[in-house]
Amino acid sequence: MAAAPPPPLVAAAGGGRILLAAFLAASLLSSAANAAVSYDHRSLVINGRRRILISGSIHYPRSTPEVPAGAGAQRPPPPVPSPFSLPPKCSSLQEPEAKPLAALKRFEIEMQMWPGLIQKAKDGGLDVIQTYVFWNGHEPAQGQYHFADRYDLVRFVKLVRQAGLYVHLRIGPYVCAEWNFGGFPVWLKYVPGIRFRTDNGPFKAAMQKFVEKIVSMMKSEGLFEWQGGPIIMAQVENEFGPMESVVGSGAKPYANWAAKMAVGTNTGVPWVMCKQDDAPDPVINTCNGFYCDYFTPNQKYKPTMWTEAWTGWLTKFGGAVPHRPVEDLAFAVARFIQKGGSFVNYYMYHGGTNFGRTAGGPFIATSYDYDAPIDEFGMLRQPKWGHLRDLHRAIKQAEPVLVSGDPTIQSLGNYEKAYVFKSKNGACAAFLSNYHMNSAVKVRFNGRHYDLPAWSISILPDCKTAVFNTATVKEPTLLPKMNPVLRFAWQSYSEDTNSLDDSAFTKDGLVEQLSLTWDKSDYLWYTTQINIGANEQFLKSGQWLQLTVYSAGHSMQVFVNGRSYGSVYGGYDNPKLTFNERVKMWQGSNKISILSSAVGLPNTGNHFESWNVGVLGPVTLSGLNEGKRDLSHQKWTYQVGLKGESLGLHTVTGSSAVEWAGPGGKQPLTWHKAFFNAPAGSSPVALDMGSMGKGQLWVNGHHAGRYWSYKAVSGGCGRCSYAGTYREGRCLSGCGEPSQRWYHVPRSWLKPSGNLLVVLEEYGGDLAGVTMATRTT
């Protein structure tokens, strides 16, 4: 029997701070239930103890939970004492001398496995794992819930508890996160009368139902801190503050409702709203960004918290790959802590992979590596991981002093300052900062001299010894290497582009794609008939007709009488596209077939309920005797998805039900399959798809994601200095190359032999260039 939760947070009358009221006793209380989470001006207070907390984002659906067979990882990780009942000085969350990965012995735990990622985070000095909760993954159809496999949220939270770490649960349920539709289920768009993220009854009812379901699930599993669980904080909504001016009059009432609704769920832990300067008490407003040292909460009795310290940036198809130097990231975190910050979360600490069709955008790549300290494949990114570990160690050495009060600031020069913390018992800690972008300096502090590199901060946990400098990286750089281990023997099956099945239906005019597919497939066929009379002059002149098709995006292929006339696609900044080519038609009936393909639904912005995709027209045919004919309003026949999808060609059973031929060469809209044995060892595995065009991948029925050899524009890549204010376009690589070449295949998906790889190629590609590789450093 779990203890009753504490009552909701309330403002202490005249007290100048928000306190978490003591919870009601229950008959069968455990000692862990004596815990409580509250906050004051200086920090979160856990079990009566102020804490400087280092957190990292790991999104459970972007990695895999399973232990791969034969990887030597069937045993659980060694038990870790729970931090929830230990005396403060004994807590495992306090250990500054934790050995980094025990000389990589934990490498035997498969890299993409949840326990391995969580353990690497702990070894890197983290106290907290932060994750969003993904509504569309958990409720793909209204009222039908899914909490298995990569969406087993309870299992993930319990693994974090087992590792001795805390959890920050960002329920949202809007997440953004470069995730398809921002985490909203597409069925929500078609609830009558709905308007997203505003003072709208249908939206609020659906949102509250999901939030309460998640909270109830966590309570029933005993996962909040007052129950002895790891969850110390929750979040409602996400980066809504900047949207208020465009949402209109319903914005502020909605934000206030969301806060009140969340607090009313009685979680017994504080709630936050990020980038929400008007977050109402007792909800804490927090900062997201590359830097947050400028940020102060909206009440003096709230702690200064940074919920997203961006470790890098997203990769988009057609864009170069962003990187953030670790010297600048460490500098940003130290800047925040020296100004009085008490909670920092790295977004992302492990980015992972947008498996299936979960990538948003549109045009967000399948890789969500994010230049994070743990890379997409679950391997340490060095020196970023190790340098940040050393930063966390230095901060933890100073933690007792840092939580004692606010710093005093001393000027040490034009660009140099000292932030000094002192406790009542006389202990002292200092941060010595040099904000100059080019020049190193020698400063004098407390009678001693200290060398400060440009754009750096030194941490002195005792106000004497500089134990860490943000620009002095001692960890060696380890470059990843992809080792090709096998090629494939292919068989192919051509998608039928000139016929429709029994699921096809006819409507007058052009219809928006999402309203028909409900995002069950990326693909929608638009088909219509054109009758060409015998007297048309182009039949005699031999001049082909001009077909023009306007689409809201994102990619499109055009076939006339079964013949392919090419493909066109948009881009991240402008998903709309136009097909404008000459096509051959003959006397009599001609069929125009347009395959519209989505590449992820938008994840940010306003009015989710009004966004569209697909062929919205006009569609015109020029060169006829009459001049130009508008085909937009005639009858069109629609078919959702591809024939190969309905046949289940990505599965062993489905692929066995059709006749496959030899390799299909570079033909568009072709399915390819191959069988292979798993590479030896436990190193992460990837597919090299750089020789292919655009499509999707499956391994043993698991959807590995969309692939696309969409080349990044040339220019903008080159040398990158860590010094100076960082922005997402500053440090880039891969100009002129495919934005993503390697696609992660989790080891846990593989059998020792007889694995099935299925590729759906939309444009046509070179199968000879597809290889499987292992990743090492």
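So, here's what we can say about the structure. None of the values given here were measured: they were computed from a predicted structure.

**A short note on the environment of Met348**
And then number 1: Its place among the elements puts Met348 in strand 14 (residues 343-350).
And then number 2: Taking the C-alpha atoms as reference points, Met348 and Pro373, 25 residues apart in sequence, are found 8.0 Å from one another.
And then number 3: What Met348 contacts, discounting residues up to four positions off in sequence, is Ser57, Ile58, His59, Thr311, Tyr368, Tyr370, Ala372 and Pro373.

**Here's the deal with helix 8 (residues 326-338)**
And then number 1: For helix 8, spanning 13 residues, the distance from its first C-alpha to its last is 18 Å, which sits close to the expected 18 Å at 1.5 Å a residue.
And then number 2: Extensive coverage of helix 8 is indicated by the burial of 13 of its 13 residues.

**Concerning the sheet that holds strand 12 (residues 305-310)**
And then number 1: Spatial strand order, 6-7-8-9-10-11-12-14: eight strands in a closed barrel with parallel pairing. When strand polarity is set aside, the average angle formed by the axes of neighbouring strands in this sheet is 30°.
And then number 2: Sheet analysis places strand 9 (residues 231-236) next to strand 10 (residues 271-274), joined by two bridges and oriented parallel. Looking at the pairing, Ala234 lines up with Trp271 of strand 10.
And then number 3: Its contacts with the sheet place helix 2 (residues 114-123) against strand 6 (53-58), strand 7 (128-132) and strand 14, and it is angled at close to 140° to strand 14.

**With respect to the pairing of strand 31 (residues 619-624)**
And then number 1: The buried count for strand 31 comes to five of six residues, which makes it a mostly enclosed element.
And then number 2: Two elements, strand 26 (residues 545-551) and strand 31, share four bridges in a ladder whose sense is antiparallel. By the bridge assignment for strand 31, Val549 is matched with Val619.
And then number 3: Pairing of strand 31 with strand 32 (residues 627-630) involves four bridges; the strand directions are antiparallel. Bridge pairing in strand 32 places Leu621 opposite Arg629.
And then number 4: Hairpin connection between strand 31 and strand 32: a loop of two residues separates the two successive antiparallel strands.

**Topic: the sheet that holds strand 29 (residues 577-583)**
And then number 1: In spatial order, the strands read 29-26-31-32; together these four strands make up an open sheet with antiparallel pairing. Of all the strands in the sheet, just strand 29 and strand 32 have a single pairing partner and so form its edges. For this sheet, the mean angle separating the axes of adjacent strands, direction not counted, is 20°.

Criteria and thresholds
Residues numbered from 1 in each chain as written. Predicted model: local features only at pLDDT ≥ 70, side-chain atom pairs only at ≥ 80, totals over all residues. Heavy atoms only, no water. Helix = DSSP H or I, 4+ residues; strand = E, 2+ residues; numbered from the N terminus. Contact = heavy atoms within 4.5 Å. Expected span 1.5 Å × (residues − 1). Buried < 20%, exposed > 50% of the residue type's maximum accessible area, 1.4 Å probe, protein only. Pairing = 2+ DSSP bridges. Axes fitted to C-alpha atoms, helices over the stretch in contact; angles between N-to-C directions.

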